[in-house]
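# Examining the three-dimensional arrangement
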Amino acid sequence: MRVLGIDPGLVNLGWGVIEADRGRMRHVANGSCHSGKGDLADRLLQLHRQLSGIIDSYRPQTAAVEQTFVNKDAVATLKLGQARAIALLVPAQFGLTVGEYAPNKVKKCVVGVGHADKRQVQHMVRMQLPGADLTGPDAADALAVAICHAFYMDATAVAPKVRA
């Protein structure tokens, strides 16, 4: 299964694609979409177009997006929420199911600790995806989201069925 992980951001939206098959994972690609400066609507459109191109190029079968944490700055939180809407909308437009994971859940899944720092996440992503050339911290976070989604997809696939 090809999995797209997305780390939402208005300036830098990280993305990562992995192949997952019964607990085995392989790095496919990673990077960041950049919105530049200007009107918010134009920036969101740039993110939409870039993310659409990534899905069109790499053809993932499912996607996952990191949930937003609340900032003290309400305006920044609102703008991040709008970028996150693009991260949810684009995969849905391509007919993909989209999982959502809290940042602490992603870190706990990938690092083993829910409050891991970015360096620890990057290190564990490299360990779990040997040979992956990380293009930056946003891309590493997106790959961590993809790894988390692959783990939970496998966990639900092998979970015993409970009869009522």
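In case you missed it, the structure is sitting above this.
Worth saying up front: this structure is predicted, and the values here are computed from it rather than measured.

Once that is clear, we can look at the packing of aromatic side chains. On inspection of all chains with the given rule, the structure shows three aromatic pairs. Note on Tyr 101 and Tyr 152: the rings are 5.8 Å apart at their centroids and 25° apart in plane angle, and the pair reads as stacked. With Tyr 101 in strand E5 (residues 97–101) and Tyr 152 in helix H5 (residues 137–158), this pair connects stretches of sequence that are 51 residues apart. Aromatic side chains Phe 151 and Tyr 152 sit 5.1 Å apart centroid to centroid with 85° between the ring planes, which places their arrangement in the edge-to-face category. Residue classification places Tyr 152 among the partly exposed residues on the basis of a relative accessible area of 28%. Each residue in the set Tyr 101, Phe 151 and Tyr 152 is aromatic and connected to the rest through ring pairs, giving one cluster. Over the aromatic face of Tyr 152 sits the side chain of Lys 105, whose NZ or CZ is 4.6 Å from the ring centroid.

With that out of the way, let us pick up the packing of helix H1 (residues 40–58) against helix H2 (residues 74–93). Here H1 crosses H2 at 35°, and the two axes come no closer than 9 Å. Here H1 and H2 pass one another in a crossing that is right-handed. Taken together, the residues of H2 that come into contact with H1 (itself represented by Leu 40, Leu 44, Leu 47, His 48, Leu 51, Ser 52 and Ile 55) are Gln 82, Ala 83, Ile 86, Ala 87, Leu 89, Val 90, Pro 91 and Gln 93. Considered class by class, the residues forming the contact of H1 with H2 number eleven nonpolar, four polar and no charged.

For the rest of this paragraph, the subject is the nonpolar core. Counting 22 residues, the largest nonpolar core has Ile 18, Val 106, Val 110, Val 125 and Leu 129 as the members making the most contacts within it. The leading source of residues in this core is H5, at eight residues. In this structure Val 106 touches Glu 66, Tyr 101, Ala 144, Val 145 and Cys 148, once residues within four positions along its chain are discounted. Leu 51, Ile 54, Ile 86 and Leu 96 belong to the second largest nonpolar core, which has 20 residues in total.

Our next topic: the sheet that holds E5. Pairing is mixed in the open sheet, where five strands are placed in the order E3-E2-E1-E4-E5. With one partner strand each, in any of the chains shown, strand E3 (24–34) and E5 form the two edges of the open sheet. Ignoring which end each strand starts from, the neighbouring axes of this sheet average 20° apart.

On to the pattern of salt bridges, then. A complete count under the given rule lists six salt bridges for this structure. Where Glu 19 meets Arg 2, a salt bridge forms, and the shortest distance between an N and an O atom there is 2.6 Å. Of this pair, Glu 19 sits in strand E2 (residues 12–21) while Arg 2 sits in strand E1 (residues 2–7), placing them 17 residues apart in sequence. By relative accessible area, which is 22% here, Glu 19 ends up partly exposed. Measuring nitrogen to oxygen at the nearest pair gives 3.2 Å for the salt bridge that ties Asp 56 to Arg 59. Residue classification places Asp 56 among the partly exposed residues on the basis of a relative accessible area of 41%. By relative accessible area, which is 54% here, Arg 59 ends up exposed.

Criteria and thresholds
Residues numbered from 1 in each chain as written. Predicted model: local features only at pLDDT ≥ 70, side-chain atom pairs only at ≥ 80, totals over all residues. Heavy atoms only, no water. Phe/Tyr/Trp six-rings, centres within 6.5 Å; stacked < 30°, edge-to-face > 60°. Helix = DSSP H or I, 4+ residues; strand = E, 2+ residues; numbered from the N terminus. Buried < 20%, exposed > 50% of the residue type's maximum accessible area, 1.4 Å probe, protein only. Lys NZ or Arg CZ within 6 Å of the ring centre and 35° of its normal. Axes fitted to C-alpha atoms, helices over the stretch in contact; angles between N-to-C directions. Left-handed = near helix turned anticlockwise from the far one by under 90°. Contact = heavy atoms within 4.5 Å. Nonpolar A, V, L, I, M, F, W, Y, C, P; charged D, E, K, R; others polar. Core = buried A, V, L, I, M, F, W, Y, C linked by side-chain atoms within 4.5 Å. Pairing = 2+ DSSP bridges. Salt bridge = Lys/Arg side-chain N within 4 Å of Asp/Glu carboxyl O.

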